[in-house]
Amino acid sequence: MRRTLLLFAALLIGGTTYAQNNGTSYQTALGVKMYPGAISVKHFIAKGKAIEGLGYISADGFRLTGLYELHFPIAGAEGLQWYVGGGGHIGIWSDNWKNRYPTRAGGLAIGVDGVLGLDYKIKGAPLNLSFDWQPSFNIIGYNYFEGGWGGLAIRYTF
């Protein structure tokens, strides 16, 4: 067990050291996304292809979202890319949600998401900014289209 933990720690440290990049690209980023407030983790799995995980927690409940994103550089704008993608979400509404919207079904929420945005890696700093729109449609639970999610993300890059 001790060897396994040491091996895991060595791989984690080595991977972080290898991935650290203060230039205009990055491999992994961790931070926050505003509206609604979420923890955001983005990881590039191949050139121009990333996965992003979002965890939202509010008085209305929680929602976990996974996105697959295709990134495309913008010519003449170093560190700036546009991206598009899709994925899904799962969440649970709280009693607060049920009390505010008594005619809507509460409980489990499962649906599909899209994303369209801009991603900027600040040159010379381990920071990434993104601004996106994340429309979603809830399929299981209360059925509805949500067009107001998205916003500004600020992340530390590894």
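This text goes with the structure placed above it.
The paragraphs below set out a description of the structure included in this document. Predicted, not measured: the structure shown is a model, and the values here were computed from it.

1. Some details on the overall build of the protein chain
A tally of helices and strands in the protein chain yields two helices and ten strands. Listing the helices and strands of the protein chain from first to last along the sequence gives α-β-β-β-β-β-α-β-β-β-β-β. Counting the 158 residues in the protein chain, one finds 33% classified as buried. Intrachain contacts of the protein chain at a sequence separation of at least 6 include 51% that bridge at least 24 residues. Surface accessibility of the protein chain: about 9,000 Å² in total, with carbon and sulfur atoms responsible for 70%.

2. Re empty space enclosed by the protein
Per the stated rule, a full pass over the model turns up one cavity of 30 Å³ or more. Approximately 40 Å³ is the volume attributed to the largest cavity. Every residue along the wall of the largest cavity is listed here: F62, R63, H89, G91, I92, W93 and A109. Taken together, the elements giving at least two residues each to the lining of the largest cavity come down to β4 (61–73) and β5 (80–93). Top contributing element to the lining of the largest cavity by residue count: β5, with four residues.

Rules behind the numbers
- Residues numbered from 1 in each chain as written.
- Predicted model: local features only at pLDDT ≥ 70, side-chain atom pairs only at ≥ 80, totals over all residues.
- Heavy atoms only, no water.
- Helix = DSSP H or I, 4+ residues; strand = E, 2+ residues; numbered from the N terminus.
- Buried < 20%, exposed > 50% of the residue type's maximum accessible area, 1.4 Å probe, protein only.
- Contact = heavy atoms within 4.5 Å.
- Areas by Shrake-Rupley, 256 points an atom, 1.4 Å probe, with all protein chains shown as cover.
- 1 Å grid on protein atoms, 1.4 Å probe; cavity = no way out; pocket = protein on both sides within 12 Å on 5 of 7 lines; lining within 4 Å.
- Points joined across faces, edges and corners; volume = space filled by probe spheres on them.

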